[in-house]
Amino acid sequence: MSTYSNQCAIVGVGENQRSRKSGTTPLHMALTAARNALADAGLEAKDLDGIMNYSTGGDSCPSHELATYLGCHPKYVKDVSGGGSSTELLIADAVALIEAGMLETVLIYRSMNGSSGVQVGRGYDPNMLQEMLPGGSFIMPYGSASPSQWFGMFANRHMHETGITKEHLGHVCISFYEHAQRNPNAFLNGKPLDMETYLATPDISMPFNIHDCCVELDEANAIIVTSASNAKNCKSKPVFIAGMAPRTTHSQVHYWTQVDEVAADHAAADLYKSAGVKPEDIQVASIYDCFSWVVLRQLESYGFAKRGEVGDFVAAGNLKLGGSLPSNTAGGMLSEGYTHGMNNVLELVRQLRHDYKGTERQVKDCELGIATGWAGPDIAGAMILRN
Amino acid sequence: MTKQTAYEKPIPLKTPDNHEYWDAADRHELKLQKCSACSTFIHPPGPACPTCGSPETEWELLGSDISATVYSYIVSYRPFLPGFQHELPTVITVAALDAAPDVKIMANIIECDPGDVEIGMPLKMTWVDITDDRALPQWVLARG
């Protein structure tokens, strides 16, 4: 177990109302999410001495601006270019700064008009990736500009090698859509999915149809991390950060020719070692789900099912409530909302606090959860949380 | 007189690191960067070797008779970049060169029925003249 294990905790989570068209700016949405997270923790803005955020293509607002309009002056602000895995990686940064004694309480947020404003992976200037990345000139001329195309290349090879079928992808979608029906704040609440409908839906980028792709929305999420000693002063039940692991693989940022490995394959061993637990100890999960197949690939990486058996694992209902690994229980990015992974982490925190106790949404008595991030196949950031 | 149709798709951007590759492509040849220290091919080309970090690199001409196999592929039913709306569905593959299987070259598989494509299928490289002075390497299914 690592020295930092359980020395810091998530004490507040919050979001704004997700929608297709917010009619407002990322700053306004981030302020709402931050205020809600502060209220959840029983803290005030002046208690924050660190604020961090991640964004893609400048789609958010700077941490300094958020601090300005929360009316506080933190010691430290940090804005990174990121996406999937950034929630976990920024929480790791916060833990490091708290453990180093530099900061006490850090707010991390993601705010994006991901539907009405800048859509991730869409509407790129045709020369943008070519100018930005050495590999860009070797993908853009061939029409490859969408994550659905990039990850599809990994998915098709992996499915070919392991026997995962379109139906298996469908089981991931159907499991998460089922969760969304219990979550009134899920964007696809009231829109359940069955296998017949799923299989009849035409592909956008093979093997993905619209149900395999996350639901792009305007929304903001916020998380507050503080020291375990300060957590005692908060009104919420603390959820401790037990372990973490970052990892990169692949030589290029986008020209991914080696599709047989993903960064998560290498992060898993470090992650479990850092928390001193095993995959079979995990009771609830937040698994990055920008696309359905990404969930299947991570279940293999993080040891929840053996290579070649992941399809059967999800077909048996193990991602559903009552299964061996209830995952993305708010509906996930496939059906709740999409803030580059942060909304899944909010739900994991709420499950571990037993916020839903007495309702059918609660994963009964769960104490240990995993959050896995996936920026692309080349980057992983994961953490293990305990109550 | 037929009306000249402008090429709408992104044209490969030549840079100091990659122009040898694209200059050769314009001549309908495949040329790959290679590490002078560890002899690993470097693709896409760059300022140093991603395998060993050496800045010493050279170029090797592989010619115009290039065969490969489909390592993975996707079929894309929507255009995400200009120009592709005319050619849907689009097949994009990463193909492993027969001469150097660790080198995987991404391109479209053109002139094919997407339903015919399978992982492991043999491919031949072809070059499509996209403007007066530029050509784009592409794959076609190797038949017969």
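Residues numbered from 1 in each chain as written. Chains lettered and ligands numbered in written order. Predicted model: local features only at pLDDT ≥ 70, side-chain atom pairs only at ≥ 80, totals over all residues.

Enquirer: I'm lost on the overall build of chain A in this one. Help?
Expert: Helix and strand content of chain A: 13 helices and eleven strands. The C-alpha atoms of chain A give 19 Å as radius of gyration, which agrees with the globular expectation for 387 residues (21 Å, within 12%). The buried share of chain A, taken over its 387 residues, is 59%. (Helix = DSSP H or I, 4+ residues; strand = E, 2+ residues; numbered from the N terminus. Rg over C-alpha atoms; globule rule 2.2 N^0.38 Å. Buried ≥ 20, exposed ≤ 12 C-beta atoms within 10 Å, placed from the backbone.)

Enquirer: When you look at the interface of chain A and chain B in this model, what are you seeing that I'm missing?
Expert: Interfaces are often sized by the accessible area lost when the parts come together. Contact residues are listed per partner, giving 33 residues for chain A and 31 residues for chain B. Put simply, the parts of the chain that give the side of chain A that touches chain B at least two residues each are α4 (128-132), α5 (147-162) and β5 (203-205) of chain A. It is α5 of chain A that contributes the most residues to the side of chain A that touches chain B, six residues altogether. Across the side of chain A that touches chain B, the residue classes tally to 14 nonpolar, 15 polar and four charged. (Contact = placed C-beta atoms within 7 Å. Nonpolar A, V, L, I, M, F, W, Y, C, P; charged D, E, K, R; others polar.)

Enquirer: Any chance you could explain the pairing of strand β8 (residues 239-248) of chain A here in plain terms?
Expert: The side chains of a regular strand alternate, residue by residue, between the two faces of the sheet. Residues and elements named next belong to chain A. Among the ten residues in β8, seven count as buried, and that is most of the element. The pairing of strand β1 (residues 8-15) with β8 spans two bridges and is classified as antiparallel. By the bridge assignment, Ile10 is partnered in β8 with Val239. (Pairing = 2+ DSSP bridges.)

Enquirer: Would you mind showing me how to read the packing of helix α1 (residues 26-41) of chain A against helix α2 (residues 63-70) of chain A here?
Expert: The packing of two helices is summarised by the inter-axis angle and the distance between the axes. Residue and element names in this part refer to chain A. At their nearest, the axes of α1 and α2 sit 10 Å apart, and the two run at 60 degrees to each other. Between α1 and α2, the angle falls in the class oblique. Crossing handedness for the pair α1 and α2: right-handed. Residues Leu27, Ala30, Leu31 and Ala34 of α1 pack against Glu65, Leu66, Tyr69 and Leu70 of α2. A class-by-class count of the residues in the contact of α1 with α2 yields seven nonpolar, no polar and one charged. (Axes fitted to C-alpha atoms, helices over the stretch in contact; angles between N-to-C directions. Parallel < 35°, antiparallel > 145°, perpendicular 65-115°, else oblique. Left-handed = near helix turned anticlockwise from the far one by under 90°.)

Enquirer: Can you help me understand the packing of helix α6 (residues 166-180) of chain A against helix α10 (residues 292-301) of chain A in this one?
Expert: Residue and element names in this part refer to chain A. Running from N to C, α6 and α10 cross one another at 100 degrees; their axes reach a closest spacing of 8 Å. Overall, the two elements α6 and α10 adopt an arrangement that is roughly perpendicular. When α6 is examined against α10, the residues His168, Leu169, Val172 and Cys173 are found in contact with a partner set consisting of Ser292, Trp293, Val295 and Leu296.

Enquirer: Explanation requested: the sheet that holds strand β1 (residues 30-35) of chain B in the structure shown.
Expert: Backbone-to-backbone hydrogen bonds join strands into a sheet, with any given pair of strands oriented parallel or antiparallel. Residue and element names in this part refer to chain B. Read across the open sheet, the three strands follow the order β2-β1-β3; overall the sheet is antiparallel. In this open sheet, the two edge strands, each paired with only one partner strand, are β2 (41-42) and β3 (57-63). Judged from the two bridges that link them, β1 and β2 form a sheet pairing that is antiparallel. Note that in β2 the partner of Lys34 across the bridge is Phe41. Taken strand by strand, helix α1 (residues 19-26) contacts β1 and β3, and its axis lies near 160 degrees from that of β1.

Enquirer: For this particular structure, what's the right way to read the nonpolar core?
Expert: A general trend in soluble globular proteins is that nonpolar side chains are found buried together. Counting residues in each nonpolar core, the largest one holds 159 residues, and the members touching the most others are Ala34, Ile108 and Val225 of chain A. Mapping this core onto the domain boundaries places at least three of its residues in each of domain 1 (15-64) and domain 2 (65-144) of chain B. (Core = buried A, V, L, I, M, F, W, Y, C linked by C-beta atoms within 7 Å. Domains from an automatic or database assignment.)

Enquirer: Which parts of the structure should I look at to understand the domain arrangement of chain B?
Expert: Residue and element names in this part refer to chain B. As far as domains go, chain B holds domain 1 (15-64) and domain 2 (65-144). Computed from C-alpha coordinates alone, the two centres of domain 1 and domain 2 are separated by 20 Å. Across the boundary between the two partners, domain 1 contributes ten residues, which contact 14 residues of domain 2. At the level of secondary structure, the elements contributing two or more residues to the side of domain 1 that touches domain 2 comprise α1, β1 and β3. Looking at side-chain class alone, the side of domain 1 that touches domain 2 contains five nonpolar, four polar and one charged residues.

Enquirer: Help me understand unusual backbone geometry, please; the structure alone is not making it clear to me.
Expert: Note: most residues except glycine have negative phi, and most peptide bonds are trans. The linkage connecting Met206 of chain A with the following residue, Pro207 of chain A, adopts the cis geometry, with an omega of 10 degrees. By the secondary structure assignment, Pro207 of chain A is in the loop between β5 and β6 (208-209). Residue Leu88 of chain B is joined to Pro89 of chain B through a cis peptide bond whose omega torsion reads -10 degrees. You can see Pro89 of chain B is positioned in the loop between β4 (67-76) and β5 (90-97). Phi is positive for Ser85 of chain A, close to 80 degrees, though the residue is something other than glycine. Relative to the elements of secondary structure, Ser85 of chain A occurs in the loop between β3 (76-81) and α3 (86-99). Given 29 C-beta atoms within a 10 Å radius, Ser85 of chain A is considered buried.

Enquirer: Where do I start with the sheet that holds strand β9 (residues 284-287) of chain A in this structure?
Expert: Residues and elements named next belong to chain A. Within the open sheet, the nine strands sit side by side as β3-β2-β4-β7-β1-β8-β11-β10-β9. Their pairing is mixed. The outermost strands of the open sheet, each flanked by one partner alone, are β3 and β9. Each neighbouring strand pair of the sheet contributes to a mean axis angle of 25 degrees, computed without reference to strand direction. Pairing analysis gives seven bridges linking β1 to strand β7 (residues 218-227), with the strands arranged antiparallel. Note that in β7 the partner of Glu15 across the bridge is Asn221. Relative to the sheet, helix α13 (residues 342-352) contacts β1, β4 (105-113), β7, β8, β9, β10 (368-376) and β11 (379-386), its axis offset from that of β9 by approximately 170 degrees.

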